[in-house]
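# Reading the structure
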Amino acid sequence: MTTRVVVLGAGFGGLELTTILSDAFGSAIDITLIDKADAFVFGYSKLDVMFGRQTLAAVRHPYRDVVKPGVRVIQTEVRSFDPSAKRVVTDSGTLDADALVVALGADYDLAATPGLADGANEFYSVAGAERLRELLPRFEGGPAIVGVCGKSFKCPPAPSEAAFLLHDFLSERGRRQTSEISVIMPFGTPIPPSPDTSTAVLAAFEQRGIRFVKDRLVKALDPARKVARLSDGSEMPYALFLGIPVHRVPSVVVESGLAAHPHDWVPVNKQTLETRFPGVYAVGDVNGVGTPKAGVFAEGAARVVAAAIVARIKGGTAPEPYKGQGSCYVEFGHDQVGRVDVDFLSGPKPTGTFQPPSEALVAEKAYFGSSRLQRWFGKSADVKDVASSA
Ligand SMILES: Cc1cc2nc3c(=O)[nH]c(=O)nc-3n(C[C@H](O)[C@H](O)[C@H](O)COP(=O)(O)OP(=O)(O)OC[C@H]3O[C@@H](n4cnc5c(N)ncnc54)[C@H](O)[C@@H]3O)c2cc1C
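So, here's what we can say about the structure.

Procedures and definitions
Residues numbered from 1 in each chain as written. Predicted model: local features only at pLDDT ≥ 70, side-chain atom pairs only at ≥ 80, totals over all residues. Heavy atoms only, no water. Salt bridge = Lys/Arg side-chain N within 4 Å of Asp/Glu carboxyl O. Helix = DSSP H or I, 4+ residues; strand = E, 2+ residues; numbered from the N terminus. Buried < 20%, exposed > 50% of the residue type's maximum accessible area, 1.4 Å probe, protein only. Near = heavy atom within 4 Å. Polar contact = N/O pair within 3.5 Å; in protein donor to acceptor, adjacent residues only side chain to side chain. Pairing = 2+ DSSP bridges. Axes fitted to C-alpha atoms, helices over the stretch in contact; angles between N-to-C directions. Right-handed = clockwise from strand over helix to strand, strands pointing away. Parallel < 35°, antiparallel > 145°, perpendicular 65-115°, else oblique. Left-handed = near helix turned anticlockwise from the far one by under 90°. Contact = heavy atoms within 4.5 Å. Nonpolar A, V, L, I, M, F, W, Y, C, P; charged D, E, K, R; others polar. Disulfide = S-S within 2.5 Å. Phe/Tyr/Trp six-rings, centres within 6.5 Å; stacked < 30°, edge-to-face > 60°. Lys NZ or Arg CZ within 6 Å of the ring centre and 35° of its normal.

Considering all chains together, one arrives at 21 salt bridges under this definition. Its salt-bridge partner being Arg87, residue Asp96 comes within 2.7 Å of it at the nearest N-O pair. Between Arg339 and Glu364 there is a salt bridge, with its nearest N and O atoms 2.6 Å apart. Taken together, the positions of Arg339 in strand S22 (residues 336-343) and Glu364 in helix H10 (residues 359-377) put the pair 25 residues apart, joining distant regions of the chain. Accessibility assignment for this pair places Arg339 and Glu364 in one class, buried.

Around the ligand, the surrounding shell holds 25 residues, and the nearest of these are Gly13, Asp35, Val78, Asp285 and Gly295. In the model, an oxygen atom of the ligand is placed 3.2 Å from a nitrogen or oxygen of the Phe12 main chain. Interatomic distance of 2.9 Å between a backbone N/O atom of Asp285 and an oxygen atom of the ligand. If you list the elements that add at least two residues to the shell around the ligand, you get helix H1 (12-25) and helix H9 (295-314).

Here three strands make up an open sheet; going across it, the order is S15-S16-S17 and the pairing antiparallel. Of all strands in the sheet, those with a lone pairing partner are strand S15 (218-222) and strand S17 (235-237), marking the two edges. In this sheet, neighbouring strand axes are inclined to one another by 25° on average, regardless of whether the strands run parallel or antiparallel. Bridge count for strand S16 (residues 227-230) against S17 is three bridges, and the pairing is antiparallel. Looking at the pairing, Arg229 lines up with Glu235 of S17.

Before going further, it helps to examine the pairing of strand S1 (residues 4-8). Within a regular beta strand, the side chains point alternately toward one face of the sheet and then the other, so they alternate between its two faces. Among the five residues in S1, four count as buried, and that is most of the element. Here S1 runs beside strand S2 (residues 30-35); their pairing, made up of five bridges, is parallel. Bridged to Val7 within S2 is Leu33. The parallel pair S1 and S2 is bridged by H1, and the resulting crossover is right-handed. Note that S1 and strand S9 (residues 99-102) share four bridges and pair parallel. Each residue of the ladder has a partner; that of Val5, found in S9, is Ala99.

A pair of packed helices can be characterised by two numbers: the angle between their axes and the separation between those axes. Relative to each other, H9 and H10 sit at 40°, their axes nearing to 14 Å. Taken together, the axes of H9 and H10 are oblique relative to one another. In this structure, the crossing between H9 and H10 has a hand that is left-handed. Two secondary-structure elements touch here, H9 through Val296, Glu299 and Arg303 and H10 through Phe368, Arg372, Arg375 and Trp376. Of the residues belonging to the contact of H9 with H10, the class tally is three nonpolar, no polar and four charged.

With that out of the way, let us pick up the state of the cysteines. By the definition in use, this model includes zero disulfides. This cysteine, Cys155, is not joined by any disulfide, and Cys328 carries the nearest cysteine sulfur, 5.6 Å off. Judged by its relative accessible area of 23%, Cys155 falls in the partly exposed class.

Each strand in a sheet pairs with its neighbour through backbone hydrogen bonds, running either in the same direction (parallel) or in the opposite one (antiparallel). An order of S6-S7-S8 is seen for the three strands of this open sheet, with the pairing classed as antiparallel. One side of each edge strand has no neighbouring strand; the edge strands of this open sheet are strand S6 (78-82) and strand S8 (93-96). Going from strand to strand, the sheet's axes swing by 15° on average, the running direction of each strand aside.

Of note, the phi angle at Asp215 is positive, near 55°, even though the residue is not glycine. Within the element layout of this structure, Asp215 appears in the loop between strand S14 (210-213) and S15. Despite not being glycine, Leu273 shows a phi value in the positive range, around 65°. For Leu273, the position within the fold is in the loop between helix H8 (251-255) and strand S20 (280-282).

A few words now on the environment of Val67. Locating Val67 in the fold gives a position in the loop between strand S4 (61-62) and strand S5 (71-75). The spatial distance from the C-alpha of Val67 to the C-alpha of Ser179 is 48 Å, given a sequence separation of 112 residues.

What follows covers the packing of aromatic side chains. By convention here, two paired aromatic rings are described through the distance between centres and the angle between planes. Scanning the model with the defined rule gives 22 aromatic pairs in all. Members of the aromatic cluster, connected to one another through ring pairs, are Phe12, Phe40, Phe42, Tyr44, Tyr63, Tyr329, Phe368, Trp376 and Phe377. One cation-aromatic arrangement involves Arg173 over Phe169; the distance from NZ or CZ to the ring centre is 3.6 Å. When the ring centre of Tyr44 is taken as reference, the NZ or CZ atom of Lys365 above it lies at 4.5 Å.

Limitation: the analysis is restricted to geometry and does not speak to function.
Take a look at the structure:
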């Protein structure tokens, strides 16, 4: 009988897993890939949209282009699922699976930060980045805050990247001297697993006059007084607030029983990414494996789960355990890109090594994107043969 694999969510994790299984089995497997959106957008493209470096149309990759043997892509919302029965209810009907992969990512809880939805801005959603694209050219100057509202958030370098790009944006428009940029983060350093990366980011902040406010979160905003209230009780004024909202487990996942609480990521076996339900896996931002919430880690998890499904169907040996390794590119502005290679699970504590900005890394980041588009969507890669360590 053909194995039925149902993949919930066509982000980094879902697309990578689907691609590997289709490559392995062709039409001898029955994969259903479900997403409520009609297109994929790389997380980092939100920065490009927000600062007007790319149009939204240019960074949207429609799911209709995912044409692979054995794969059916359905645009529909997952309303509920039962992990014990491996049954999924969507707006387009009910599906039963032999293997169920939950790759629904992280949702944002704007209401957890009073004032964020009505008096400030976030740049972590496509809609938020689009709004800022309109608003930023009208910013005349004053205190600008890039503020993190919750402890667990996607792509730890992204707040620093936003600050660097804001510095460039304002400098190019002659408004940097009338603005102060601050980054508020819940960590003591910008990239805790990598002291070298943190040192480089802090040095670049200093060169550009960006203030790093460490070990604090933004708890609330008072849009009438234009102040941000921080976790230590202090206040900071803002004329522009670029927020990183509190992240939460999607409601449908909490309702399935896989997560105990909106802020408890799905518990999994750290080596196999399997949940407490046999044959039900959680990959990417939705799981609580302890790696950063980043596309490269979602992909790594997807590879382990794909190998487990391949072994289950072909009867091979168990796959290598998940290692929690990945490389993240760090935009320093001025068209500079560095890289941090992090290893979360191999040793007693996470480690990270830093590669300083170089032209080779600018090309490598471009290839990182285009190679995914080639593999997942069949688009041609525009840069050839640059080693991608992602
Ligand atoms: C500003 C920013 C910059 C970033 N930069 C980087 C970077 O440089 N490198 C990097 O590796 N990562 C980066 N990231 C993080 C990266 O985007 C995420 O970690 C990654 O997308 C997680 O992959 P995922 O597969 O777990 O979830 P996602 O990619 O979020 O995919 C989840 C999918 O599930 C779908 N979905 C959710 N609920 C439902 C439902 N009920 N029914 C149907 N579909 C549903 C969503 O539409 C979505 O397509 C960045 C993120 C941001 C915000």
